[in-house]
Amino acid sequence: MPDLTEYKESLIRKRDEITNAAGQRPFQATMDNNSRQGDLADQASGNNEVHIQLKLKQTDAKILQAIEEALLRIDKGTYGMCRDCGEPISAARLKAIPWTRVCITCKEKQST
Ligand SMILES: [Zn+2]
């Protein structure tokens, strides 16, 4: 059983970074809940600058969602396993992107 404290700390640090940068309460990821995103899109209509900010926030929201999932996996004891092939994700990759869901092999398969 690897020591996950370090990963947990960097996940929480990154989450705080994104949350603080947004300057407001955490932007909820919208994968299974589109209502909040709809509100923001309505507010953003007709304003390109807000549209760009909204896009940035959606990227952050995806990372936030991934961070939350990673923290859950730490609690469940499944952290560091590839979602696709079930193999352990390399420590180097987890250090670089602690919220990653897949190993480098599966990631490369996805992007081709
Ligand atoms: Zn994999």
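Residues numbered from 1 in each chain as written. Predicted model: local features only at pLDDT ≥ 70, side-chain atom pairs only at ≥ 80, totals over all residues. Heavy atoms only, no water.

Within the protein, the atoms that donate to the zinc ion are Cys-82 (SG), Cys-85 (SG), Cys-103 (SG) and Cys-106 (SG), at distances of 2.2 to 2.3 Å. Linear spacing of the donor residues for the zinc ion on their chain is C-x2-C-x17-C-x2-C. Taken together, the residues Cys-82 in the loop between α3 (48-76) and α4 (91-96) and Cys-106 in helix α5 (residues 104-111) connect sequence positions 24 residues apart. The burial state of Cys-82 is the same as that of Cys-106; both residues are buried. (Donors = N, O, S within 2.8 Å, 3.2 Å for Na, K, Ca; no water. Helix = DSSP H or I, 4+ residues; strand = E, 2+ residues; numbered from the N terminus. Buried < 20%, exposed > 50% of the residue type's maximum accessible area, 1.4 Å probe, protein only.)

Structurally, Ile-67 is set in helix α3. Expressed as a C-alpha distance, the spacing of Ile-67 and Ile-97, which sit 30 residues apart in the sequence, is 9.8 Å. With residues up to four places along the chain from it excluded, the contact list for Ile-67 reads Leu-11, Lys-14, Arg-15, Ile-18 and Trp-99. (Contact = heavy atoms within 4.5 Å.)

Moving on to the side chain of Thr-19. Here Thr-19 lies in helix α1 (residues 5-22). Given the relative accessible area of 16%, Thr-19 is considered buried. At 2.6 Å, the side chain of Thr-19 and the backbone oxygen of Arg-15 are in polar contact. (Polar contact = N/O pair within 3.5 Å; in protein donor to acceptor, adjacent residues only side chain to side chain.)

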